[in-house]
There are 2 protein chains.
Amino acid sequence: MTTKARDKKNQLIEATIDLFAKEGFWNTSTARISKHAGVATGTLFNYFPSKEALIDAVYLHLKLEMKAFITPGYPADEGTGACIAHVWRRYAEWGVHSPVHYQLLEQLRLSNLVSQQIEDRLMEEIGFMHELIETARQQGLFGEVSLEFAGALIHATVTATINVALAHQLTGPALQKHIAQGLSVLWTGIQPSK
Amino acid sequence: MTTKARDKKNQLIEATIDLFAKEGFWNTSTARISKHAGVATGTLFNYFPSKEALIDAVYLHLKLEMKAFITPGYPADEGTGACIAHVWRRYAEWGVHSPVHYQLLEQLRLSNLVSQQIEDRLMEEIGFMHELIETARQQGLFGEVSLEFAGALIHATVTATINVALAHQLTGPALQKHIAQGLSVLWTGIQPSK
DNA sequence: AAAATAATTGACTGACTAGTCAGTCTTATG
DNA sequence: CATAAGACTGACTAGTCAGTCAATTATTTT
């Protein structure tokens, strides 16, 4: 694929994200997406064989974007706890930084519109997070909580934190304090009772 | 409205819930809903002026159903903490007991398809939960956490608990232990540090 | 029982849907 | 410059959508 073609593909994905976020993906037609991306309706289907494939690509795009935001500064040598805290904090910051993308990602996650193939592909990309949680659990950081439950609680707390931060339009130190508070709730709640 | 008419209205709402849950609300047509409810397409629009109004009614129906499940045994005289714990636990039990309705409610909540009018109407019905949280906060049960953040964290933890319970098909004592664990995470995490 | 009222029906409408394809335009190559 | 390859176009198709309405059936009133 040429550079130009990859550009157009990204252009279509960006246009899709824009419209999906603005109007909901269940009533955004391929015709509108094409128009918003500045191409003909047929061109969309040169790059994506179906609307479903486009949705898959959007989901993949968003998750990789999130990963790219989270990864920098990963404290691999400071222990499992620090790594989880880093990922949690960066996730929260990404959500506040890119609310539209974050909200669309959450919607797609619950929609059952994303194919299993893409879920599998993503497991390779962000599977390190699951390993991280499993390691922490084995080190006894999480008390009796199971792997899945720990993952669900981590996701739930970060989501709640992002949503409240967005609702109150927190920025700067107030935002940092709020994020620290959210992380503290998770950390205190999930730790084994002595 | 006669009893018969109210029956048919409920019949339509139940059929809608059934199909929405089975196939997703964004590709369930009014024609299919009518057929599934055993009436003609026109009849649906005698009871609901539009599909949007039907969705509103479904959302209201689900929330009131949840409220009805949560309310019994409310320990009004055992203090704010006990009341919140009761509501949290019963919510979790409702989600596990009625997974289809619970999941649909969550989807609708995030969909922006429900009108403000219905949200307002529901505030009157389930506003007592917010007052409960505010009271608890004023009593210092929640440390520095704001009202909205407390509400978000309560919702987030109960959702995570339900989802994991459903994924693992927990029942009986294992389910009760899991729910207790989820509540404990919230409670430990949110309590003020000494 | 007759008349009036209300509820129900389903064929129908115009707008919209995902996806196609014959033809046009752009770009790369010899 | 000429030719071939590939990218792009948008009118078009077959089908679905929410919502309508004249006709029919059921119920209530007189």
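The structure presented is a predicted model; accordingly, all values stated were derived computationally and were not measured.

So, how was this worked out
- Residues numbered from 1 in each chain as written.
- Chains lettered and ligands numbered in written order.
- Predicted model: local features only at pLDDT ≥ 70, side-chain atom pairs only at ≥ 80, totals over all residues.
- Heavy atoms only, no water.
- Core = buried A, V, L, I, M, F, W, Y, C linked by side-chain atoms within 4.5 Å.
- Buried < 20%, exposed > 50% of the residue type's maximum accessible area, 1.4 Å probe, protein only.
- Helix = DSSP H or I, 4+ residues; strand = E, 2+ residues; numbered from the N terminus.
- Contact = heavy atoms within 4.5 Å.
- Domains from an automatic or database assignment.
- Buried area = accessible area lost by both parts, 1.4 Å probe.
- Salt bridge = Lys/Arg side-chain N within 4 Å of Asp/Glu carboxyl O.
- Polar contact = N/O pair within 3.5 Å; in protein donor to acceptor, adjacent residues only side chain to side chain.
- Nonpolar A, V, L, I, M, F, W, Y, C, P; charged D, E, K, R; others polar.

Within the largest apolar cluster, 124 residues are counted, with the highest numbers of intra-cluster contacts made by Tyr91(A), Leu108(A), Phe142(A), Tyr91(B), Leu108(B) and Phe142(B). Considering every element that reaches this core, the biggest residue donor is helix H8 (residues 147–167) of chain A, with 11 residues. Sequence-distant contacts of Phe142(B), defined by excluding residues within four places in its chain, comprise Ile84(B), Ile133(B), Ala136(B), Arg137(B), Ala150(B), Ile154(B), Trp187(B), Ile190(B) and Pro192(B).

So, on to the domain arrangement of chain A. Residues and elements named next belong to chain A. By the assigned domains, chain A splits into domain 1 (3–48) and domain 2 (58–190). One C-alpha centre belongs to domain 1, the other to domain 2, and the line joining them spans 28 Å. For the pair domain 1 and domain 2, the two sides together bury roughly 810 Å², of which 82% comes from carbon and sulfur. The tally of links between domain 1 and domain 2 comes to zero salt bridges. Linking domain 1 with domain 2 are zero residue pairs in polar contact (both at pLDDT 80 or more), by the criterion used here. Residues belonging to the side of domain 1 that touches domain 2 are distributed by class as follows: six nonpolar, two polar and one charged.

Attention shifts here to the interface of chain B and chain A. The partner chain A presents 26 residues to the 26 residues of chain B that form the contact. Summing the contributions of chain B and of chain A, the shared interface buries around 2300 Å²; its carbon and sulfur component is 73%. Its largest share of buried area at the contact with chain A, chain B owes to Trp26(B), Phe149(B) and Val185(B), together 27% of the area lost on that side. Our count for the chain B to chain A interface comes out at two salt bridges.

Let's shift gears to the side chain of Ser34(A). Residue and element names in this part refer to chain A. As for its position among the elements, Ser34 is in helix H2 (residues 30–37). Separated by 2.9 Å, the side chain of Ser34 and the backbone oxygen of Thr30 make a polar contact. Once you skip the residues sitting within four places of it in the chain, Ser34 turns out to touch Val39, Ala40, Thr41 and Leu44.

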